[in-house]
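Chain by chain, the residues run as shown.
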Amino acid sequence: MTKSTKINTWVISDGTKGMENQSLAVAKLLGYDYELINYNPPYLLRKIPLIGKFLLTSNILKELNQKPLPKFVITTGKRMAGISIAIRFFFKNKIKTIHIQNPKISRNQFDLLLIPEHDAITGKNIIQTKGALSFFLNHEIKNKKNLTTEKPIIFLMVGGRNKRYNPKSIDYYDLGIKAVKASNLLNAKLIISTSRRTGIKAEKILRSIFSKKLNDFKFYTFNSKNPYPNILQKAQYLIVTSDSVSMVSEMATISTPLFVSFFPQENGKILNFLNNLKDLGIIKKFEGKLFNYNKNNLHTNEKTILKINDFFRL
């Protein structure tokens, strides 16, 4: 929450970082003071968001009703759609709801939806975004790179299993070997950060490879102190696995060369999204070599806030 006592936006989150960060991105872009409210929806509300209209006596609504009302409430992901619906129904036209990602229910339950364009969903209250919004703004990542006195730094962000697929051990082995090759070619320091979805077995595979084949690397797991996004201030090259649209989108907003390591199972709309970024000169496919290129940045944040302002006539 910002220091001002006048709160104009509520960001309601269950603590899932990827989704919470997108909500915070919109709050920052709106330019209002915001309050981050932690709320873990009950099972039925996560699975059946429309029952939010019948939660008029729930503790969260009673708590919110004691606060000065904001202009906006922001939520992300299907699991948070129900509380957005409840707030809109309970407070009527006093608060505008902004929901990010496809809630997979009628768009009429929300004031505004922000949905990635690769989902191919349109409507009068829908703004399509190219990928995900970035929770850090460009001016917050100040470039402190020193190419003359320090070894190059490569930052590798590793994801893992999701609803689309579950990467196999060989996929992580191949990624590790390619990262070693790239690091040795540049005589670089490799910094690795894994996510909650990576898994212990995959981490062991990567640690084993890097321990045997690299002299200079640092390994961070999801439950250790995460160097992201501050590491972006120093890294000369970025590598991220293809499973995370949000991570790719965030790293695509800055000028540092970005390489995406495609899991073999990647297909469908996410593969189309990544290929589109490749065609636009925003990303390169990671094949074991890193190099500088004339990178075009992704401008999702800037374009989205203009559309939001126009939608609400701010």
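Further up the page is the structure itself.
Peer 1: Even after reading the chapter, I still don't get the overall build of the protein chain, so can you show me in this structure?
Peer 2: Secondary structure summary: the protein chain contains nine helices and 12 strands in total. Taking 2.2 N^0.38 as the reference for a compact globule, 314 residues should give roughly 20 Å; the C-alpha atoms of the protein chain span a radius of gyration of 21 Å, in line with that estimate. In terms of overall dimensions, the protein chain has a C-alpha envelope of 60 × 35 × 35 Å along the principal axes. Per-residue burial for the protein chain yields a buried fraction of 53% across its 314 residues. Pairs at least 24 residues apart make up 70% of the contacts formed inside the protein chain by residues separated by at least 6 positions. Carbon and sulfur atoms form 51% of the exposed surface of the protein chain, whose accessible area is close to 15400 Å². Taken together, the 50 basic and 21 acidic charged side chains of the protein chain have centroids lying 3 Å from each other.

Peer 1: Help me understand a nonpolar patch on the surface in this model?
Peer 2: Together, Tyr-43, Leu-44, Ile-48 and Leu-50 line one region of the surface with nonpolar side chains, adding up to about 400 Å² of accessible area. With respect to the helices and strands, the residue Tyr-43 is situated in helix H2 (residues 43-47). Judged by its relative accessible area of 52%, Tyr-43 is exposed.

Peer 1: Which parts of the structure should I look at to understand the packing of aromatic side chains?
Peer 2: Aromatic rings considered in pairs are described by the distance between their centres and by the relative angle of their planes. One pass over the full model with this rule turns up 13 aromatic pairs. Measuring from centroid to centroid gives 5.1 Å for Phe-259 and Phe-291, while their planes differ by 85°, and the two rings are edge-to-face. One end of the pair, Phe-259, is in strand S11 (residues 258-261); the other, Phe-291, is in the loop between strand S12 (284-285) and helix H9 (300-312), and 32 residues separate them in sequence. Between Phe-291 and Tyr-293, the ring centres sit 6.3 Å apart and the planes meet at 65°, which makes this aromatic pair edge-to-face.

Peer 1: How should a positive patch on the surface be read in this particular structure?
Peer 2: Together, Lys-47, Lys-78, Lys-104 and Lys-163 give the surface a local cluster of positive charge. Among the structural elements, Lys-47 can be located in helix H2.

Peer 1: So what exactly am I meant to see when it comes to the side chain of Thr-253 here?
Peer 2: Among the structural elements, Thr-253 can be located in the loop between helix H7 (245-251) and S11. Within the structure, Thr-253 has its side chain in polar contact with the backbone oxygen of Glu-250 (distance 2.7 Å).

Peer 1: Just to check I follow, could you spell out the sheet that holds strand S3 (residues 72-76) for this structure?
Peer 2: The six strands lie next to each other as S2-S1-S3-S4-S5-S6, forming an open sheet whose pairing is parallel. Two strands bound the open sheet, and with one partner strand each, they are strand S2 (34-38) and strand S6 (126-129). Each strand axis lies, on average, 20° off the axis of its neighbour in the sheet, ignoring direction. As paired elements, strand S1 (residues 9-13) and S3 share three bridges and run parallel to each other. Across the sheet, the residue bridging to Trp-10 is Val-73, located in S3.

Peer 1: Would you take a moment to explain the nonpolar core for this structure?
Peer 2: The biggest cluster of nonpolar side chains holds 75 residues, and the ones touching the most others in it are Phe-155 and Phe-210. In contact with Phe-155, not counting residues within four places along its chain, are Ile-191, Ser-193, Pro-227, Tyr-228, Ile-231, Leu-232, Ala-235, Tyr-237, Leu-238, Ile-239 and Met-251. Grouped together as the second largest cluster of nonpolar side chains are 16 residues, Tyr-39, Leu-45, Val-73 and Phe-91 included.

Peer 1: Looking at this structure, how should I read the sheet that holds strand S10 (residues 237-241)?
Peer 2: Paired through their backbone hydrogen bonds, the strands of a sheet run either parallel or antiparallel. Strand order in the open sheet formed by six strands is S9-S8-S7-S10-S11-S12, with parallel pairing between adjacent strands. The open sheet has two edge strands, strand S9 (217-220) and S12, and neither has a second partner. Here S11 pairs with S12 via two bridges, running parallel. Counted as the bridge partner of Val-260 is Lys-285 from S12. In the packing of helix H5 (residues 169-186) onto the sheet, the strands contacted are strand S7 (153-158), strand S8 (189-194), S10 and S11, and the crossing angle to S7 comes to about 170°.

Peer 1: Please explain the environment of Leu-306 as it appears in this structure.
Peer 2: In this fold, Leu-306 is placed in helix H9. Along the sequence, Leu-306 and Ile-153 sit 153 residues apart, while their C-alpha atoms lie 35 Å from each other.

Peer 1: Honestly, helix H4 (residues 81-91) in this entry has me stumped. Any pointers?
Peer 2: Judged by how many residues are buried, H4 sits mostly within the fold: eight of 11 residues are covered. Taken together, the buried positions of H4 are Ala-81, Gly-82, Ile-83, Ser-84, Ile-85, Ala-86, Ile-87 and Phe-91. Lining the buried residues of H4 we find S1, H2, helix H3 (59-64), S3 and strand S4 (96-100). One or two residues past the end of H4 sits Lys-92, with phi positive at roughly 55°.

Calculation criteria
- Residues numbered from 1 in each chain as written.
- Predicted model: local features only at pLDDT ≥ 70, side-chain atom pairs only at ≥ 80, totals over all residues.
- Heavy atoms only, no water.
- Helix = DSSP H or I, 4+ residues; strand = E, 2+ residues; numbered from the N terminus.
- Rg over C-alpha atoms; globule rule 2.2 N^0.38 Å.
- Buried < 20%, exposed > 50% of the residue type's maximum accessible area, 1.4 Å probe, protein only.
- Contact = heavy atoms within 4.5 Å.
- Areas by Shrake-Rupley, 256 points an atom, 1.4 Å probe, with all protein chains shown as cover.
- Lys, Arg positive; Asp, Glu negative; His and termini not counted.
- Charge placed at Lys NZ, Arg CZ, Asp CG, Glu CD.
- Patch = residues over 30% accessible without salt bridge, like charges linked within 9 Å, V, L, I, M, F, W, Y side chains within 5 Å.
- Salt bridge = Lys/Arg side-chain N within 4 Å of Asp/Glu carboxyl O.
- Phe/Tyr/Trp six-rings, centres within 6.5 Å; stacked < 30°, edge-to-face > 60°.
- Polar contact = N/O pair within 3.5 Å; in protein donor to acceptor, adjacent residues only side chain to side chain.
- Pairing = 2+ DSSP bridges.
- Axes fitted to C-alpha atoms, helices over the stretch in contact; angles between N-to-C directions.
- Core = buried A, V, L, I, M, F, W, Y, C linked by side-chain atoms within 4.5 Å.

Note that all results are geometric; they support no functional claim without further evidence.
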